[in-house]
Amino acid sequence: MAPPPRRLLPILIAGVFAAACSGPAQGSGPAQSIDQSGQLETPQITVGVLPIVDVAPVYLAINQGLFADEGLTVTPEVVQGGAAAIPALQGGDLDIAYGAWPSFLVANQQGIELRAVSDGVAATPGFMEFLAKPGTPYEGDPSAMGGATVALNTLANLGELALRDTLADAGLDYAEVTAIEMPFPEMGAALDNGSVDIIWSAEPGVTANKASVGAVTVIDSYVEDMEGFPVAGYFVTREFAEQNPNTVAAFTRALQAAADRLNADSALRIETVGSYTELPADLLADVSFPEYHGRLEPAALERVYAKMLEHGMAAEGLDVGSLVLH
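Residues numbered from 1 in each chain as written. Predicted model: local features only at pLDDT ≥ 70, side-chain atom pairs only at ≥ 80, totals over all residues. Heavy atoms only, no water.

Peer 1: Can you lay out the overall build of the protein chain for me, pointing to particular residues and giving the numbers?
Peer 2: What the protein chain contains, in helices and strands, is 13 helices and 11 strands. Buried residues in the protein chain amount to 56% of all 326 residues. Taking as baseline every contact in the protein chain between residues at least 6 positions apart, the subset at least 24 positions apart corresponds to 79%. Accessible surface computed for the protein chain: about 12700 Å², of which carbon and sulfur atoms make up 49%. (Helix = DSSP H or I, 4+ residues; strand = E, 2+ residues; numbered from the N terminus. Buried < 20%, exposed > 50% of the residue type's maximum accessible area, 1.4 Å probe, protein only. Contact = heavy atoms within 4.5 Å. Areas by Shrake-Rupley, 256 points an atom, 1.4 Å probe, with all protein chains shown as cover.)

Peer 1: Can you explain the pattern of salt bridges? Please cite residues and give values.
Peer 2: Applying the stated criterion across every chain, the model contains eight salt bridges. Its salt-bridge partner being Asp225, residue Lys307 comes within 2.6 Å of it at the nearest N-O pair. Highlighted residues: Lys307 in helix α13 (residues 298–310) and Asp225 in the loop between β9 (216–220) and β10 (230–237), separated in sequence by 82 residues. The class for Lys307 is buried, based on a relative accessible area of 6%. Through salt bridges with shared partners, one network takes in Asp165, Asp225, Lys307 and Glu310. (Salt bridge = Lys/Arg side-chain N within 4 Å of Asp/Glu carboxyl O.)

Peer 1: Report on helix α11 (residues 266–276), specifying residues and quantitative values.
Peer 2: Looking only at α11, the buried set comprises Leu268, Arg269, Thr272, Val273 and Tyr276. Projected down its long axis, α11 carries its buried residues within an arc of 125°, all on one side. Capping the start of α11, Asp265 holds a side-chain oxygen 3.1 Å from the backbone nitrogen of Ala267, two or three residues further along. (Arc of directions from axis to C-beta. Polar contact = N/O pair within 3.5 Å; in protein donor to acceptor, adjacent residues only side chain to side chain.)

Peer 1: Describe in detail the environment of Gln80, supporting the description with residues and values.
Peer 2: By the secondary structure assignment, Gln80 is in the loop between β2 (73–78) and α4 (82–91). C-alpha separation for the pair Gln80 and Leu50, spaced 30 residues apart in sequence, amounts to 6.4 Å.

Peer 1: Give me the lowdown on the pairing of strand β5 (residues 128–132), citing residues and values where you can.
Peer 2: The side chains of a regular strand alternate between both faces of the sheet. Taking burial as the measure, the five residues of β5 include five buried ones, the bulk of the element. Neither face of β5 is open: one carries Met128, Phe130 and Ala132, the other Glu129 and Leu131, and all of them are buried. Here β5 pairs with strand β8 (residues 198–202) via five bridges, running antiparallel. Residue pairing across strands places Phe130 opposite Trp200, the latter belonging to β8. By the bridge criterion, four bridges tie β5 to β9 in an arrangement that is antiparallel. Its bridge partner being in β9, Phe130 is matched across the sheet by Ile219. (Pairing = 2+ DSSP bridges.)

Read these as layout, nothing more, since geometry by itself doesn't imply function.
Here you go:
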């Protein structure tokens, strides 16, 4: 199959995220409480997701009936990031949210009681990258980032943590760049028109932006001591966790089953991401997929917390283990 014309790729990228926003046509009904052991307290749930490859297990579990086998009807709702999802959780618009672990940890330190129910993904090479336009001094050289404007999907979150760590490794300080907040779907155009110098992109955006605007890698987001870094996962309010233990357990079981299938089958990963995006199949074949997880080990969150403390993005004293549901 011939690649799509270059002039069409920006449209295709927009379609990637627009299609992800729509989700499967399943309704989310009112919460139900069943006080019988083993029964689902809330069989219809809405899950906040991002328009990226991370959430493929959610869509696979819907498409292959893994949630249905657990008695769940799941509706995905696209949000900008984990930090944006937290108010929706508190307000009851979402039951479960996918988001970067830093936003989860910071929220708990701010007195917003959240509980981690499932792991999401761990970083792999190429999965998230800092990208720039070709021919700029940034290409392949993070030490040139001083003075650059860098787009992150949310501030005070995973992107900022990755940026701070990247700059520190390059001998630079975070104050030497200007970080701005921008939704993933808008980053490619902003890079192309010069509104920003560097974007922090997540797959399938890494592959799509390289194809559409000729973006080049400044540096992989997760190298050296951040190799295999725990990126994000699924969390709920403490109240929802306490009132819906069977629902949460069912969700985690289905997600783990989906993660296992995706990790074992590259064709299935491509098919699944293709089911909720419009990225052409030939480009999907070039996507760098993360390692998918389900069950969450407290050690993963401890690693994130330690890195946040290193860069002054969290305060001491958080009992991370108590935030993980077992």
